[in-house]
Amino acid sequence: MVVKKFVRIFLYLGLMLCSLQAFAEADKRYVSITDILVEVAELNQQTFLNEDETKLAQLIKNKDALFKRLMMVIRGSSIDYDIESINKSELQMLNSKIRINRARGNTLAVQRDRFSVDSYLARRDIAQFVVFLVESSRTFQSKEQIIKEVESRIAQLKKKINTTVEPLKGEAEIYQTLTKNHQDLMRIYAVYLDFLDYVKNNPEEVVSTSFFSNISLISAISYFNNIEVFTSVNSVIAPLRIDMGGLIVSLCIFLLTMITYPIVFQASNRLIERFILNDGKVENMELVFISLHKPLLYLVFFFGIDLSMNALLYKTEYKAVVDHFIYIFYQGLCVYLLFNLIDSVVAVQFDRADKRNKELSRELVLLMTKSLKGIVILLSLTLILSHFGINITAILSTLGIGGLAFAMAAKDSLSNFFGGLNIMVDHIFKMGDWIKVGDVEGTVVEIGLRSTTVRTFDNALITMPNAMVSTASVLNWNRRSVGRRIKMHVGVTYESNINDIRQAVEDIKQMLEEHPGIASPKEEHTSSRARNKFLKQEDLHGIKSTQLVFLDRYGDFSIDILIYCFSKTVDWAKWLEVKEDVLFQIADILQKNNLSFAYPTNVQINRNEVSEDVNFGGILSE
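Attention here is on the structure that accompanies the text. (Residues numbered from 1 in each chain as written. Predicted model: local features only at pLDDT ≥ 70, side-chain atom pairs only at ≥ 80, totals over all residues. Heavy atoms only, no water.)

1. Digging into the overall build of the protein
For the record, the criterion: The numbering of helices and of strands both runs from the N terminus, where a helix is a DSSP run of H or I of at least 4 residues and a strand a run of E of at least 2. Any two residues whose heavy atoms approach within 4.5 Å at even a single point are treated as in contact. Computed with the Shrake-Rupley method and a 1.4 Å probe, the accessible areas treat only the protein chains shown as cover for residues.
Within the protein, the regular secondary structure consists of 22 helices and 8 strands. Summarising the internal contacts of the protein: among those between residues at least 6 apart in sequence, 73% fall at separations of at least 24. Carbon and sulfur atoms make up 59% of the accessible area of the protein, which totals about 36700 Å².

Next comes the structure, spelled out in structure tokens:
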């Protein structure tokens, strides 16, 4: 029998809102409380009409949010309900009609008015319970006391529901009114029961449990609302769904934030300048602190604005909308903070590597940095979508189903991405290297996720897909640690003395061996930490120190000396300096040995004449 009655109660929930609307009109002073109860009744109606499990869960979640807001309103209010005055005239009139109709034997009219009387009494019970909650919050009652009172009220309410008779059935208009009054009564009972259940399950929202909760935002609002001067003002501005307590607390928080923010900002700047920037130790964690300085200050400032808005709008339905925007803004500040943290940590690692002469792969570090930032953005979007009730699991499932189609559509992008990974993992080149790929030659600017950009020597910027670069032949001029080649032929004249040439060759050899800028094969250039012991380390690290000086050939008009060596430096400008010095010293050696540079000449021989000036000391007579 009890189950049958409860089923009927929920069937009646979907029809009308008249009873609670009348309750809202009866007392304009407490419009915030009554409006929330009306919204709960509307959600009950939607819950009854909706069969989708996902939507039902969201409706229940929305109803809990309404009750949570109701508890904030109650804790921040100064309720002085005169319970006996609620619908007093209507009750007196209805009771008189019931006595008259009972005496006349008019059963339908008695039952119709009885339902109306019970509805008004139920409103009084709700008002009485609200007063109880306000007093419990004000006097800091324990959870046990609150739960005990709620359980007692739940038992009384269920007893009333079980003893409520079913309306009589018929076709006349009075039967329709009778049914409507019964539905209104069941609707009020359902809302009241939901209210009681919520308080039973969340007693901590009624009473403070610690010193810090005693001085919470709602407690401060309640303190101002309980001041006698503001009580009459609250009754006037109640239709606006604000009160003096919330207005005063909001204004105080806003002014305090505006006053303290510049002070905190200036003080933190002075501390950074005094103890970090001027002590000669701006490194490591100091860099991290400086990068987090502004984001943290912005979070503090916005937190004050958030508290101010909560204090002002805690009774209104706009608070939920404002909370959504505030949540998004907080997520943006957190992303800004994490981005700065990632950048500062990367800068610290590069700074430490430079001071320890340790080489880091800037390309891999930048790739990891971009990946971390991408993960931060994805997590932030996930949290925002979850906050708005969007099912992330369903989205991921959809992406999994369409993964194959996505991979086919993004084939080129994926090949470029993995091509970039191949370039970085195989250390084909790095940022700043001088490379040549096909007809493109220049300095590598950046190795991105999709493409590699190269700055040519005529200052043009060329972008090449990573997939193409990773499969092409790459000429890398920077992948050498010791040795940039110097190769030349020095031609001396045929009139030169052969002994002078022999001595010049020996002098050039000695000059190269002693030159500080020329790599010597006698020196050890290989690194002690070999990456692969099975490879020839000179070729692996790019080390060349060969020195060759020989009389190489008899040319058409000169005797050529081959000079083949490598500078220690691989830098182009420094290599030019070394090469220039070598050329000057070769010129000095030739002059010292009475040798002259050869140049193109024409020799004409007359076979009928014999030259009188035969130079037997030369290599060739002219």
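The rest of the description comes next.
2. A few points about the sheet that holds strand β3 (residues 451–456)
Short version of the rule: The criterion for strand pairing is that DSSP finds at least two bridges linking the strands in question. Between N-to-C directions, angles cover 0 to 180 degrees, with each direction set by a line fitted to C-alpha atoms, over the stretch in contact for helices.
The sheet built from 5 strands is open, its strands ordered β4-β3-β2-β1-β5 with antiparallel pairing. Every interior strand has two partners, whereas the edge strands, β4 (461–465) and β5 (474–476), have only one. With strand direction ignored, the average angle separating the axes of adjacent strands in the sheet is 40°. Where β3 meets β4, 5 bridges bridge the pair, whose relative direction is antiparallel. Bridging from a neighbouring strand, T453 pairs with T463 of β4.

3. Some details on the packing of aromatic side chains
To keep it simple, the criterion reads: Aromatic rings from Phe, Tyr and Trp, taking only the six-membered ring of Trp, are treated as a pair when their centres fall within 6.5 Å; an angle between ring planes under 30 degrees marks them as stacked, one over 60 as edge-to-face, and anything in between as tilted. We call a residue buried when its accessible area falls under 20% of the maximum for its residue type, exposed when it is over 50%, and partly exposed in between, using a 1.4 Å probe and counting protein chains only. Placement of a positive charge over a ring is assigned whenever Lys NZ or Arg CZ falls within 6 Å of the ring centre and within 35 degrees of the normal to the ring plane.
Enumeration over the complete set of coordinates arrives at 7 aromatic pairs. Centre to centre, the rings of F67 and F195 are 5.7 Å apart; their planes meet at 5°, and the pair counts as stacked. Of the two residues, F67 sits in helix α4 (residues 53–75) while F195 sits in helix α8 (residues 173–201), which places them 128 residues apart along the sequence. Under the relative-accessibility criterion, F195 is labelled buried at 1%. Taken together, the aromatic side chains of F67, F129, F132, Y192, F195 and Y198 make up a single cluster linked through ring pairs. It is R484 that lies over the ring of W575; its NZ or CZ is 5.3 Å from the centre. The ring centre of F550 lies 4.9 Å from the NZ or CZ of K509, which sits over that ring.

4. A word on the packing of helix α20 (residues 498–514) against helix α22 (residues 572–592)
Where we set the bar: Orientation is classified from the angle alone, with under 35 degrees giving roughly parallel, over 145 giving roughly antiparallel, 65 to 115 giving roughly perpendicular, and any other angle giving oblique. Crossings are assigned a handedness: left-handed for a near helix turned anticlockwise from the far helix by less than a right angle, right-handed for a clockwise turn. Charged means Asp, Glu, Lys or Arg here, nonpolar means Ala, Val, Leu, Ile, Met, Phe, Trp, Tyr, Cys or Pro, and polar covers whatever is left, Gly included.
The N-to-C vectors of α20 and α22 enclose an angle of 150°; their axes lie 10 Å apart at closest approach. Relative to α22, the element α20 is oriented roughly antiparallel. Crossing handedness for the pair α20 and α22: right-handed. Each of A504, D507, I508, M511 and L512 in α20 lies in contact with α22, whose residues at this interface are V582, Q585, I586, I589, L590 and K592. Of the residues that constitute the contact of α20 with α22, the class distribution is 8 nonpolar, 1 polar and 2 charged.

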